[in-house]
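Spelled out, the chains give:
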Amino acid sequence: MPDSQPPQPSHSPRGGRDEGGGQGPAPTPADTTTLLLAGARLLDGRTVDVRLGGGRIQAVAAAGSLHSPTSSRVDLTGHLLLPAPAEPHAHGDTALTADGEGPVSHTADEVQRRATEAALLQLGHGATAIRSHVRIADAHGLGPMEAVLQARRSLRGLADLTAVAVPRRLTGIAGAEGRAMLRDALKMGAAVVGGCPDLDPDPTGFVEAVLELAGEHGCPVDLHTDGDDPARLARLAAMAGGLRPGVTIGPCGGLSRLPLDVAARAADQLAAAGVRVTCLPQGDCAALERRGLRTAPVRLLRAAGVRVAAGSGALRDAGNPVGRGDPLEAAYLLASQGGLRAAEAYHAVSTAAREAMGLPEVRVEAGFPAELLAVRGERIAAVLSLAYSRIVIHRGRVVARTSAVREYCDSAVAVALDLPRQGRTEPGP
């Protein structure tokens, strides 16, 4: 069930498997106009012009050397140009509900509105692809899934939204309804099989049911787990090793509460099985009821060879009433608290996140998809510290802008010290 992406030329770098979109309408084609990004700074320190067309990067050359009279032009002087981040762990159906009074509404219109608004917030931060976990249990049935899939269709051309079907229970007699509902969700267009085995009376049976369904439909698996039971993780790794296109688990904060040798052994088993981990640096999401504030031991997992991505998780819902849904915040937390270098932290929310979602790799090089984020700043550490102004590019066109102007009152000190400023160099109108 591949999601639509711009066709990849035979000479371009090989990408991964795209996340499924099911039976939605025909995809929006990539924009055919040419866009010139002028004077952008890259991670390696070069200042370049980048020409985009057909949803891909056509050329990268020294600043001032690319000219095209038919191109639209965006001046990126003072901006760092990066592969766009992706959001591998969102909850669009419950987002933006923390401030509401009374029970949360799960009507189709309300869920679609929340999922769309949440996706647009995340897009404004830079995430051009979003994986949203959607609950399909209890009295609401498949209604939230249908609403999120409708939001997905309405966002075509702006961002790629993928739905993960999250059943409550799958084992025993009581799980029969959940299994049937999960099959229906996949037929509707859910691209990924999810769920939380920790909450099922038979966690191993839950994982078996999920892997069986995923194998039948050829889709990936993305499970919630705290990761605090090493025996359960070992069984999951043993069962998941042969599944393609792959298994992701998260947020795995419980691994940090295990003895170091036990956690290291679990990490080795996950790495050997090819199981990815999506951590949530801001803390658990509502699916795990905030069991603990510690996040996954990212350095330990990476040292073992586990492929680790980072997501934002809760966005102003029961899991976190002040969640931002900002991939750069997740990277900031990995760098400030998780012990990663700034470039490694950004890799977790961009390249690693896209890989976890089965999306093609993005580099600022000719032939790669034009999924890009320009942030005011010169170095990645500064960008993670103070990323106010952003320009987001999806399929070769600008789809979101955030402009921040910081102004101070007149000060002789600022003039004397020649301090840097973000703002207008000339008086405004």
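So, here's what we can say about the structure. (Residues numbered from 1 in each chain as written. Predicted model: local features only at pLDDT ≥ 70, side-chain atom pairs only at ≥ 80, totals over all residues. Heavy atoms only, no water.)

## Quick word on the environment of Glu177
- Structurally, Glu177 is set in helix 3 (residues 176-188).
- For the pair Glu177 and Ala137, spaced 40 residues apart in the sequence, the C-alpha separation amounts to 8.9 Å. (Helix = DSSP H or I, 4+ residues; strand = E, 2+ residues; numbered from the N terminus.)

## Brief notes about the nonpolar core
- Grouped together as the largest cluster of nonpolar side chains are 83 residues, with contacts concentrated most on Met145 and Ile249.
- Ranked by residue count, the leading element in this core is helix 4 (residues 203-217), at seven residues.
- Every residue in contact with Ile249, bar those within four places of it in the chain, is listed here: Leu223, Thr225, Leu233, Leu236, Leu270, Val275, Arg276, Val277 and Thr278.
- Listed in part, the 19 residues of the second largest apolar core include Ala40, Ile57, Val74 and Ala370. (Core = buried A, V, L, I, M, F, W, Y, C linked by side-chain atoms within 4.5 Å. Buried < 20%, exposed > 50% of the residue type's maximum accessible area, 1.4 Å probe, protein only. Contact = heavy atoms within 4.5 Å.)

## Some words on unusual backbone geometry
- In this chain, Gly250 is followed by Pro251 through a cis amide linkage whose omega measures 0 degrees.
- With respect to the helices, strands and loops of the structure, Pro251 is situated in strand 11 (residues 247-251).
- Positive phi is not limited to glycine here, since Leu96 has a value of about 65 degrees.

## Thoughts on the packing of helix 4 against helix 5 (residues 230-240)
- Between helix 4 and helix 5, the least distance of the axes is 10 Å, while the angle of their chain directions is 20 degrees. Put simply, helix 4 runs roughly parallel to helix 5. Helix 5 is crossed by helix 4, and the crossing has right-handed handedness. Each of Pro203, Thr204, Val207, Glu208 and Leu211 in helix 4 lies in contact with helix 5, whose residues at this interface are Arg232, Arg235, Leu236, Met239 and Ala240.
- Residues of the contact of helix 4 with helix 5, tallied by class, amount to six nonpolar, one polar and three charged. (Axes fitted to C-alpha atoms, helices over the stretch in contact; angles between N-to-C directions. Parallel < 35°, antiparallel > 145°, perpendicular 65-115°, else oblique. Left-handed = near helix turned anticlockwise from the far one by under 90°. Nonpolar A, V, L, I, M, F, W, Y, C, P; charged D, E, K, R; others polar.)

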